[in-house]
Amino acid sequence: MAKKQNVPEFEIQVDGEPYIWRLQRQPQWSSDANEFRGMALALRHKEGQREAIVEFPAGQQPKYGAPQLKPALIDPERVGRAIASAIEAGWEPLSRGKTVTIVVDETGA
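The notes below deal with the structure included here.

Okay, the overall build of the protein next. Helix and strand counts for the protein stand at 1 helix and 7 strands. Its helices and strands taken in sequence order, the protein reads β-β-β-β-β-β-α-β from the N to the C terminus. For the protein, the residues scored as buried account for 39% of the 109 residues in total. Of all intrachain contacts in the protein linking residues separated by at least 6 positions in sequence, the fraction that spans at least 24 positions is 57%. Accessible area of the protein: about 7,200 Å², with a carbon and sulfur share of 48%.

So, about the packing of aromatic side chains. Summed over the entire model, instances satisfying the criterion amount to 2 aromatic pairs. Considering the side-chain rings of Y19 and W91, the 6.2 Å spacing of their centres and the 45° angle between planes classify their relative orientation as tilted. One end of the pair, Y19, is in strand β2 (residues 17–25); the other, W91, is in the loop between α1 (76–88) and β7 (100–103), and 72 residues separate them in sequence. An identical accessibility class is assigned to Y19 and W91; each is buried.

Turning to the sheet that holds β7, a few remarks are in order. Reading across from one edge, β1-β2-β5-β6-β7 is the order of the 5 strands in this open sheet, with mixed pairing throughout. The open sheet has two edge strands with one neighbour each: β1 (10–14) and β7. Along the sheet, successive strands turn relative to each other by an average axial angle of 30°, direction set aside. Examined bridge by bridge, β1 and β2 share 5 bridges and lie antiparallel to one another. Within β2, the position partnered with E11 by the bridge is I20. Against the sheet, α1 engages β1, β2, β5 (40–45), β6 (52–55) and β7, with an angle of about 65° to β1.

For the rest of this paragraph, the subject is α1. With 13 residues, α1 should reach 18 Å at 1.5 Å per residue; the first-to-last C-alpha distance of 18 Å fits that figure. Buried positions along α1 lie against β1, β2, β5, β6 and β7. Once α1 ends, the next one or two residues include G90, with phi positive near 115°.

So, how was this worked out
Residues numbered from 1 in each chain as written. Predicted model: local features only at pLDDT ≥ 70, side-chain atom pairs only at ≥ 80, totals over all residues. Heavy atoms only, no water. Helix = DSSP H or I, 4+ residues; strand = E, 2+ residues; numbered from the N terminus. Buried < 20%, exposed > 50% of the residue type's maximum accessible area, 1.4 Å probe, protein only. Contact = heavy atoms within 4.5 Å. Areas by Shrake-Rupley, 256 points an atom, 1.4 Å probe, with all protein chains shown as cover. Phe/Tyr/Trp six-rings, centres within 6.5 Å; stacked < 30°, edge-to-face > 60°. Pairing = 2+ DSSP bridges. Axes fitted to C-alpha atoms, helices over the stretch in contact; angles between N-to-C directions. Expected span 1.5 Å × (residues − 1).

Right under this line is the structure:
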């Protein structure tokens, strides 16, 4: 998959396997549902192409003017749990196919 420009990607090891992740979506207001949505991470195996999008719950809405979430500050343990949850939910990172979307809790489980 083509990487978006200026979107930092991070490597992480989960169960001895290398994965790449990036912040897909900042927590934001949804224009279609008029509700606040949580962040979403895009995940893929370092040697694979099939992505998974992991969506987190909205949590507390940030105060107006609050700084945006910095991807480098996202807890790696949370990302690792999200990857493990995506695999448990049926994502096969080394297979071919469409991107899958998995909803997790605030901890990534």
